[in-house]
Structure formats: C-alpha cells, structure tokens
Amino acid sequence: QRTFGDVTVGEELPAVEFPLTVYRLVVAAGGNRDFNSIHHNTAYAQATGAPEMYASTFILMGMWERLVRDYVGPAGTIRSIRDFRMRRFNLVGSVVEVRGRVRDARRDGDHGIVTLEVESLVDGQVTVGPGTVEVTLPAASTAEAAA
C-alpha cells in the first residue's frame, strides 16, 4: 500500500498499455450497456465519419482508473477526475498507453492529497487528456501508525 510519505512530486507512474481488440470493445459494450454500434461495428462507425470502430468513454475512463488504482493501492481513493477530454479516436487495432505523473502533494489531516496528471496516447499522440486526477492516500501505513 502506497502512503503519502512514499510520494515524490514529479515522479512518473508506471505506464499501462491496453490493446484495443474487437473482443475488448464488444465485451465493454455488453458490460456497460453502451450498445452504440460505433464502438463495435466497423461499417457503422465508418458511416458516421470515423475511420474505424473506436473505444467508448467508459473504456477510456476505466483505463485511467486502472493506472491510478495501481498507484494508490486499496486504501487510496479517487476524489475527482477533471479535464478528461477525448482529442482523437482510440481505434480498434491500436494500443493505448496510459501514463501519469505526480503534479502536487499536500497533507490534509490523516490523509495526503495527491494531484496526478494523466493522459492516454496512441503511437505517441495524445488521444485523451491531459487531465487531472486527485487522490487521497493514508498518511502512514497501519504498522507505522501503531508504532
């Protein structure tokens, strides 16, 4: 479990990569009940002007959450996500890289509040963000607090 004392402003979060397969898009459509054909049907997506079927907002936000949750651990919480803006299509067949860095860290009572800058990229081009995710972390581990 990461604690506030483990955080360094400027540190990079370990990036996470997500291959956008047809299977992933179809399963996501069923899982979040977003059956808009632009997310799982090439011909339909192309008829709307898109080059190919593409990832939905739910998939892309889930990717950000995965990156952040891997970083904060089970005792951390996500307080807010801001400036989540889709700038380019995240097309089937591509690999989305989600990365982030610590922009700010401050104490708030028994917790630390950490501001992360997060973005998604495909082939080195930003497709989502950059945005801001604010999280809380415990000030110290349970063992440290008991000592």
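A quick note: this is a predicted structure, and the numbers were derived from the prediction, not measured. (Residues numbered from 1 in each chain as written. Predicted model: local features only at pLDDT ≥ 70, side-chain atom pairs only at ≥ 80, totals over all residues. Heavy atoms only, no water.)

**Student:** How would you sum up the packing of aromatic side chains? Please name residues and give values.
**Tutor:** To describe a pair of aromatic rings, one takes the distance between the centres and the angle between the planes. For the structure shown, the criterion picks out 2 aromatic pairs. Here the aromatic rings of Y54 and F89 are separated by 4.5 Å at their centres, their planes lie at 55°, and the arrangement is tilted. Of this pair, Y54 sits in the loop between α2 (42-47) and α3 (57-72) while F89 is found in the loop between β2 (77-82) and β3 (95-108), placing the two residues 35 residues apart along the sequence. Given a relative accessible area of 16%, Y54 falls into the buried group. Ring centres 4.8 Å apart and planes at 75° place the aromatic pair W64 and F84 in the edge-to-face group. Here W64 is found in helix α3, whereas its partner F84 is found in the loop between β2 and β3, with 20 residues between them in sequence. (Phe/Tyr/Trp six-rings, centres within 6.5 Å; stacked < 30°, edge-to-face > 60°. Helix = DSSP H or I, 4+ residues; strand = E, 2+ residues; numbered from the N terminus. Buried < 20%, exposed > 50% of the residue type's maximum accessible area, 1.4 Å probe, protein only.)

**Student:** Describe the pairing of β3, naming the residues involved and giving the relevant values.
**Tutor:** Inspection of the sheet shows strand β1 (residues 12-19) paired to β3 by 6 bridges, in the antiparallel sense. Looking at the pairing, F18 lines up with V96 of β3. One ladder, built from 11 bridges, connects β3 with strand β4 (residues 111-122); its direction is antiparallel. Within β4, the position partnered with E97 by the bridge is L121. (Pairing = 2+ DSSP bridges.)

**Student:** Residues and numbers for α3, please.
**Tutor:** With 16 residues, α3 should cover 22 Å at 1.5 Å per step; its first-to-last C-alpha distance of 22 Å lies within 8% of that length. Three or more residues of α3 are buried, namely I59, L60, M63, W64, L67, V68, Y71 and V72. Looking at the buried residues of α3, the elements they touch are β1, α1 (22-32), β2, β3, β4 and β5 (125-138). (Expected span 1.5 Å × (residues − 1). Contact = heavy atoms within 4.5 Å.)

**Student:** Describe in detail the pattern of salt bridges, supporting the description with residues and values.
**Tutor:** Scanning the model with the defined rule gives 9 salt bridges in all. A salt bridge links R85 to D83; the shortest N-O distance between them is 3.0 Å. Taking relative accessible area as the criterion, R85 reaches 46% and is therefore assigned partly exposed. Here R103 makes a salt bridge to E117, at a shortest N to O gap of 3.8 Å. Remark: E117 occurs in strand β4 and R103 occurs in strand β3; sequence separation between them is 14 residues. Members of the salt-bridge network, linked through shared partners, are R79, D104, R106 and E134. (Salt bridge = Lys/Arg side-chain N within 4 Å of Asp/Glu carboxyl O.)

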